[in-house]
Amino acid sequence: WGQLGTLLWSIRTLVDPFSLTGDKTSVKIKCLKLVFDCFPYHANLTHFFHLLLSVLVKFNNCAGNKGVRYETNSLDFKVRADGTLFAAHQLQVPPKPLRVMAWDPQSLARREAMVRFLVAEKSQHNGHKPKGRKMVPGDLAQQQSDTLLPWRQHQSPNGLRRQKRDWVIPPINVPENSRGPFPQQLVRIRSDKDKEIHIRYSITGVGADQPPMEVFSIDPVSGRMYVTRPMDREERASYHLRAHAVDMNGNKVENPIDLYIYVIDMNDNRPEFINQVYNGSVDEGSKPGTYVMTVTANDADDSTTANGMVRYRIVTQTPQSPSQNMFTINSETGDIVTVAAGLDREKVQQYIVIVQATDMEGNLNYGLSNTATAIISVTDVNDNPPEFTTSTYSGEVPENRVEVVVANLTVMDRDQPHSPNWNAIYRIISGDPSGHFTIRTDPVTNEGMVTVVKAVDYEMNRAFMLTVMVSNQAPLASGIQMSFQSTAGVTISVTDVNEAPYFPTNHKLIRLEEGVPTGTVLTTFSAVDPDRFMQQAVRYSKLSDPANWLNINATNGQITTAAVLDRESDYIKNNVYEATFLAADNGIPPASGTGTLQIYLIDINDNAPELLPKEAQICEKPNLNVINITAADADMDPNVGPFVFELPSVPSAVRKNWTITRLNGDYAQLSLRIMYLEAGVYDVPIIVTDSGNPPLYNTSVIKVKVCPCDENGDCTTIGAVAAAGLGTGAIIAILICIIILLTMVLLFVVWMKRREKERHTKQLLIDPEDDVRDNILKYDEEGGGEEDQDYDLSQLQQPETMDHVLNKTPGVRRVDERPIGAEPQYPIRPVIPHPGDIGDFINEGLRAADNDPTAPPYDSLLVFDYEGSGSTAGSVSSLNSSSSGDQDYDYLNDWGPRFKKLADMYGGGEED
């Protein structure tokens, strides 16, 4: 334990701040030899030394400084190979603390030490030690103290005393996560005036009287400053406080001084990945060194120290195929790259890589670690050409069919489905020079569908031998060659079907003159049956013949005329007559084709010209106006104009009164030859001749109205009437006829009104309530017979006088009016009955009633016979039928069909 005490004292000696005077630019770092042989393999004591030295100073290589390398975390200082620390440039003192790091390249062990600087006072010998006196550890310990005296008194050479006005306080370093006990003293500040007066000390700033508050406190009497709780550098790395010194009255004794407190980082934070899962991809077949992705982890500790320096490594790779180390990672940047060849998506589509990030520069013994997952997908490249599953395919197609799939070509491709590297494209490289087929790709199955796009003919090609090739949408990867199985043969058989006959020339045009006689052979319009290997007959018929001018031979297609062809017919369009014919074979099933025959009719001069206009008007005196005439011809040029207009020689009065003047080939003028012609309507015949060969002429009559004209040459009103051909007597006769017609109409109207009035004034004999014509009669009571009913039979009796009817009060009863005048002659029933005379009697009475002119226009009671006002027989209700007797009713069978029912009831005694 004595050796341990000596060792601890040496550690304290090294940990205490070095003195840096203005004339010194370097300081020697002492080597601390830790002889671990004194504590052989004692785990607890070794851990104690590690904890003690890890913050302040760490050395290895106890044999000396040989081979040890140094570096600092400050750009203001540098360390030589022998351990000498020197300033790199002029500095403002005191500088900030710095960290010195030493490591042994052989054992890779690392140690660190913190170096703090204080401004040392100059001795009387300008900072040189007295001769013969050595600085021992005890002297250094006496020189250094944790009490700061910023206001020390100094003796000037003339004996006067001078007082310093400012503190120069080095930064105070506080390790984070200290375990206490708290409050823990940091430093003591004191003014040298406390020997004269009582002074009270205080601190202000963030961490004292500003949030976070009361992190630091100070004893107002002794000036000792404490930290009250553990510090967290990641929460706040430094604090800036101000120390104050006042007397008991609160008066300022000294100026406030700045205190800088730095929190020393401890390795208390693990590296944290930005994402727990990273996704990356790499092409299959990539060469070693191909970049894949980058993973990043952040450490909240100080990045300028080993606590925040993160290093990466790959922990595991799944699956470990084809190698367990397919990827590597840059330990500092986190870039993952391939390290081995053999990536094949068809074998391994995805790798799961566990990446570990460790601080302390990757030291697994002291550093903290964390892991993340990197999922690396192997992306597909077109390194597998498509291959047909078989070398030959076959199919069958009927002739004359299109858009028919005749064969399905199946392929195999190991690349990623439904990608450009997998999608197949088929091409026909030989066997189809006319382009009858194409191959379309099924987007779901990737099969090739051989489709007919141009109809095939069995009579031309009975089979096709195609050579097809398959490839991908994307080109093959570099160095990959097409497979021999990327080509195949397709055999397609064509089946024969019954094809319809066709007309080789459709539409067929022939030219002939119009007017050819009936029965003329025009042409032979025959069809061809494409089925050369079938013995079939073709028959012809008309399908469309608008004018019914043509006939066709059913067996050979010869066309003849059935009527005269007239170019001027309404069925002709642009001199062409069109008819459609049908050609049908006798195949199974039958097939037919149509053909159109167009007949161009050449015009002949078969229509004479017609004079235009048909009517005209001219003044009775010449030289006032003329009539312009022309002609219309249904024929075509040259069978039309120029026309010749001339007057006939008969009758002679035509040429005597009229003359024609030619204007041009189509027009002429008709005018009066004489000086005056009486007003009226004249029929002027004119002969019009066309220019056909031979020419045709026509004598047309034009009605010319000759009338008196005014000074402008227009017919007057009187003149127009006169020109109509009516004299004065005719006009008077027309007026008298009109007056007589109007008088007759008036008399007829007066007569109709008078008759209507008489009809309304005539009274009816039947009471409106008893009128059976427009009333509904109710028969809902049935009595015991005629004797039990009080019926008024006057309706059925013929009244002898009309007085009692006319004198009745209106509304009581109405009886049909008995016609006054000659009564109709109705038939009289013969006294001796004759079989069938009853039916004849009724029919004759009905005929006489229908022809009676005195019958009213409404239904009325027809009286056939009048029996008088009473009956001596009395009621017939008391009559009884007797079953006894020998009366024979067989004669009822002779009375006709109307009495058949009665004859059946009384004439069947023997059968009953």
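Computed from a predicted structure; not experimentally measured. (Residues numbered from 1 in each chain as written. Predicted model: local features only at pLDDT ≥ 70, side-chain atom pairs only at ≥ 80, totals over all residues. Heavy atoms only, no water.)

**As for the overall build of the protein**
Heads up, the rule is: Helix and strand labels come from DSSP, where a helix needs a run of H or I of at least four residues and a strand needs a run of E of at least two; each type is numbered from the N terminus. Buried residues are those whose accessible area, probed at 1.4 Å on protein chains only, stays under 20% of the maximum for their type, while exposed residues exceed 50% and partly exposed ones sit between those limits. Residue contacts follow a heavy-atom distance rule, with two residues in contact if any of their heavy atoms lie within 4.5 Å. Areas reported here follow the Shrake-Rupley algorithm with a probe of radius 1.4 Å; residue values treat only the protein chains shown as occluding.
Tallying secondary structure elements over the protein gives nine helices and 51 strands in all. Classification of the 912 residues of the protein by burial places 33% in the buried group. The contacts of the protein with a sequence gap of at least 6 include a subset with a gap of at least 24, amounting to 65%. About 57000 Å² of surface is accessible on the protein, with carbon and sulfur atoms providing 52% of the total.

**Some details on the pattern of salt bridges**
For side chains bearing opposite charge, pairing can occur when the charged atoms are close. This is how it is decided: Should a side-chain nitrogen of Lys or Arg be within 4 Å of a carboxyl oxygen of Asp or Glu, the pair is scored as a salt bridge.
Applying the stated rule across the entire model yields 16 salt bridges. The residue Arg311 makes a salt bridge to Glu361 at a minimum N-O spacing of 3.8 Å. Taken together, the residues Arg311 in strand S23 (residues 311–318) and Glu361 in the loop between strand S26 (350–358) and strand S27 (369–379) connect sequence positions 50 residues apart. Taking the shortest distance from any N to any O, the salt bridge between Asp683 and Lys703 comes out at 3.1 Å. Highlighted residues: Asp683 in strand S50 (residues 680–689) and Lys703 in strand S51 (residues 697–707), separated in sequence by 20 residues. What makes Asp683 partly exposed here is its relative accessible area of 46%. Lys703 gets classed as partly exposed once you look at its relative accessible area, which sits at 38%. Each of Arg233, Glu234 and Asp265 takes part in one network of salt bridges that share partners.

**Looking at the pairing of strand S35 (residues 463–472)**
Two faces make up the sheet, and in a regular strand the side chains alternate between them. Rules: For two strands to pair, DSSP has to find at least two bridges joining them.
Most of S35 sits out of view: seven of its ten residues are buried. As paired elements, strand S32 (residues 424–430) and S35 share six bridges and run antiparallel to each other. Note that in S35 the partner of Arg427 across the bridge is Met469. Pairing geometry for S35 and strand S36 (residues 487–495), over seven bridges, is antiparallel. From the neighbouring strand, Val468 faces S36, where its bridge partner is Ala488.

**Let's talk about the sheet that holds strand S46 (residues 627–632)**
What links the strands of a sheet is backbone hydrogen bonding, and the strands pair in either a parallel or an antiparallel sense. Rules: Only the contacting stretch of a helix is used when fitting its axis, a line to C-alpha atoms as for every element, and angles between N-to-C directions run 0 to 180 degrees.
The sheet built from four strands is open, its strands ordered S44-S46-S49-S48 with antiparallel pairing. Each of the sheet's edge strands pairs with one partner strand only, and the pair in question is strand S44 (610–612) and strand S48 (658–662). Sheet twist, expressed as the average angle between the axes of neighbouring strands with direction ignored, equals 30°. Where S48 lies against strand S49 (residues 667–672), five bridges are found, and the strand directions are antiparallel. Looking at S49, one finds that Arg662 is bridged to Ala668.

**So, the packing of aromatic side chains**
How we decide: Planes of paired rings set the category: under 30 degrees apart is stacked, over 60 is edge-to-face and the rest tilted, where pairs are Phe, Tyr or Trp rings (Trp by its six-membered ring) whose centres lie within 6.5 Å.
For the structure on display, the rule yields 16 aromatic pairs. For the pair Phe503 and Tyr540, a centre-to-centre distance of 6.4 Å together with 50° between the ring planes defines the contact as tilted. Linking Phe503 in the loop between S36 and strand S37 (508–513) with Tyr540 in strand S39 (residues 538–544), this pair joins segments that are 37 residues apart in sequence. Comparing Phe503 with Tyr540, the two get one shared label, buried.

**Some remarks on the confidence of the model for the protein**
The predicted coordinates of low-pLDDT regions are not to be read in fine detail. Rule in force here: Values of pLDDT, the confidence the predictor places in each residue, fall between 0 and 100.
A residue-level look at the protein finds 71% of positions with pLDDT of 70 or above and a mean pLDDT of 76. In the predicted structure, residues 120–145 sits below a pLDDT of 50 and forms 19 contacts with residues beyond four places in sequence or in another chain. Low pLDDT, under 50, characterises residues 151–167; the stretch is placed with 36 contacts to residues that sit more than four places away or in other chains.

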